[in-house]
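Structural overview
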2 protein chains.
Amino acid sequence: MLSNSLAYAIKALIYISHNSSETERITLKEVSDSTEVPKPYIAKILQDLVRNNVLHSIKGPNGGFYFSEEGLDISLLQVVHILEGPDKYNKCLLSLKDCNASSPCPLHDNIGQVRVELLKRLEQITFRQLMQHKKSVDLF
Amino acid sequence: MLSNSLAYAIKALIYISHNSSETERITLKEVSDSTEVPKPYIAKILQDLVRNNVLHSIKGPNGGFYFSEEGLDISLLQVVHILEGPDKYNKCLLSLKDCNASSPCPLHDNIGQVRVELLKRLEQITFRQLMQHKKSVDLF
DNA sequence: ATATTTAAAGACCTTTTTATCTTTTTTTAT
DNA sequence: ATAAAAAAAGATAAAAAGGTCTTTAAATAT
Ligand code: FES
Ligand code: FES
C-alpha cells in the first residue's frame, strides 16, 4: 500500500526525530546503519527531504541531518507528495478521467472510501505524533 | 493504491461479465478495444486468469473468453492473490518482520487499520456485484 | 593553509513492471 | 483436407523503481 521508498523515509524520519536536534546532528551512516536502508539510497531520499525543508543538513565534521521544529509537524501526506508527487492516491482506481461522486466508477463507493480514509489519516499523522509512539524508540 | 495490472484486470473482467456467456464468447480484440488496454498486455492477464479458473477460454473461430457462473462469485481479493501474490497488502507497512497487534509499529494502529479495511472490502466484493453497478455498463 | 569529515550531485547499474511482437496450437467452417 | 480464426506461449523491448558508486563541495579542526 505504501511504496518501498516511503517506508524507508518514514523509518529514517522517525529515527532522526528521536536522535537529532539543531546542535546534535546525525550522520547519514548512522541513519543507514540503524534503519538498515542502503546508504546511497537513503541519502537520495534525505536529500530530497532537505530540498523540501523537512530536514536540514550541515556538511563537514559534526555535520549531519536534523529535524527542525517546524519539520516535526509535517504530515505523512506532505512526505508522500514530496517523494511520489501530488497525484499519488488521487486518481480513479480504474483510471477513469474524472473521479467524483456524481459519476462514480464501480469501485468509487467501496474501495474509494478506503482511499479517502487513507488520505485523511496520512494528512493527520505528523512526525511529532509518531515519535511519541512507544515502539518508535526501539524500532531499530 | 491498486496496481496498473489489477485495474486493467478489473475493467476487463467487468466488461466480460456483461458481454459473455458459455455460448457467447468474447474475443481478446473486443476486450482490448473496449477497455483500451493494449492487446498483448491484457492477453497476458487474461491467460493468468484462465489458468486460475476465473475465466474459461476457447480457441478457434467463435472462440474467446467467458465468465463461468462460479467465476462471477470470485472476490477482488482472489484476483489480487492471482495477479500479485498472497503477500500483497499483508506485510508490515514499515517492513518489520512481524506485524501483529501485540508489537505494533507506529503505523500499525492507524494506517494499518486502513489496510485491514481494504482487505475486508476486497474480500467482500465479487464480480456479480460489480456487474450490477449502474455505471459498469457504460464504463467503456 | 591543510587535512579531514561529511553531505550533495550525478552517473551508472539491476530488477520489476509495463508493453509489444512473433510463433505455435487449437478449433471451426468450408 | 484445408484455410481461417482465435488463444497460448515465449522472446523481446521500454520505462520505472530500486540500488550503487564516484566525484565535488562545504565545513571544521588542526
Ligand atoms: S471514479 Fe473511480 S475511484 Fe472515483
Ligand atoms: S507492525 Fe507495522 S503495520 Fe503492523
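Residues numbered from 1 in each chain as written. Chains lettered and ligands numbered in written order. Predicted model: local features only at pLDDT ≥ 70, side-chain atom pairs only at ≥ 80, totals over all residues. Heavy atoms only, no water.

**Quick notes on the protein's contact with DNA strand C**
Taken together, 25 residues lie near DNA strand C, and Leu28(A), Ser57(A), Pro38(B), Tyr41(B) and Pro61(B) sit nearest. Expressed as a percentage, the sugar and phosphate content of the atoms of DNA strand C within 4 Å of the protein is 68%. Contacts to DNA strand C include Lys44(A), whose side-chain N or O atom sits 2.9 Å from a base nitrogen. Lys44(B) has a polar side-chain atom sitting 3.4 Å from a base oxygen of DNA strand C. For the surface near DNA strand C, the secondary structure elements donating two or more residues are helix H3 (39-51), strand S1 (55-58) and strand S2 (64-67) of chain A together with helix H1 (4-19) and helix H3 (39-51) of chain B. Considering only residue class, the surface near DNA strand C consists of 11 nonpolar, nine polar and five charged. (Near = heavy atom within 4 Å. Polar contact = N/O pair within 3.5 Å; in protein donor to acceptor, adjacent residues only side chain to side chain. Helix = DSSP H or I, 4+ residues; strand = E, 2+ residues; numbered from the N terminus. Nonpolar A, V, L, I, M, F, W, Y, C, P; charged D, E, K, R; others polar.)

**What to know about the side chain of Lys11(B)**
Within the element layout of this structure, Lys11(B) appears in helix H1. Notably, Lys11(B) is buried but unbridged: the nearest opposite-charge side chain belongs to Glu36(B), and the N-O separation is 5.9 Å. Each residue touching Lys11(B), except ones within four places of it in the same chain, is listed here: Leu94(A), Thr35(B) and Phe140(B). (Buried < 20%, exposed > 50% of the residue type's maximum accessible area, 1.4 Å probe, protein only. Lys, Arg positive; Asp, Glu negative; His and termini not counted. Salt bridge = Lys/Arg side-chain N within 4 Å of Asp/Glu carboxyl O. Contact = heavy atoms within 4.5 Å.)

**Side note on the side chain of His108(A)**
Following the sequence through the fold, His108(A) ends up in the loop between helix H4 (76-84) and helix H5 (111-124). With sequence-adjacent residues up to four places away left out, His108(A) is seen in contact with Cys99(A), Asn100(A), Ala101(A) and Gln113(A).

**Regarding the interface of chain B and chain A**
The interface is formed by 32 residues belonging to chain B together with 32 residues belonging to chain A. Buried area between chain B and chain A, both sides added, is near 3,000 Å², and the carbon and sulfur share of it is 75%. Put simply, chain B and chain A have zero salt bridges between them. One can count seven residue pairs in polar contact (both at pLDDT 80 or more) joining chain B with chain A. Of all the secondary-structure elements, those providing two or more residues to the side of chain B that touches chain A are H1 and helix H5 (111-124) of chain B. Of all the elements, H5(B) adds the most residues to the side of chain B that touches chain A, at eight residues. Its residues assigned to classes, the side of chain B that touches chain A shows 21 nonpolar, five polar and six charged. (Buried area = accessible area lost by both parts, 1.4 Å probe.)

**What about the protein's contact with DNA strand D?**
In the region of DNA strand D, 26 residues are neighbours, and Pro38(A), Tyr41(A), Thr27(B), Leu28(B) and Ser57(B) sit closest. Atoms of DNA strand D within 4 Å of the protein belong to the sugar or the phosphate in 69% of instances, the rest to bases. In this structure, a phosphate oxygen belonging to DNA strand D sits 3.3 Å away from a side-chain N or O atom of Ser5(A). In the model, a phosphate oxygen of DNA strand D is placed 3.3 Å from a nitrogen or oxygen of the Tyr8(A) side chain. Where the surface near DNA strand D is concerned, the elements lending two or more residues are helix H1 (4-19) and H3 of chain A together with H3, strand S1 (55-58) and strand S2 (64-67) of chain B. Split by residue class, the surface near DNA strand D holds 11 nonpolar, 10 polar and five charged.

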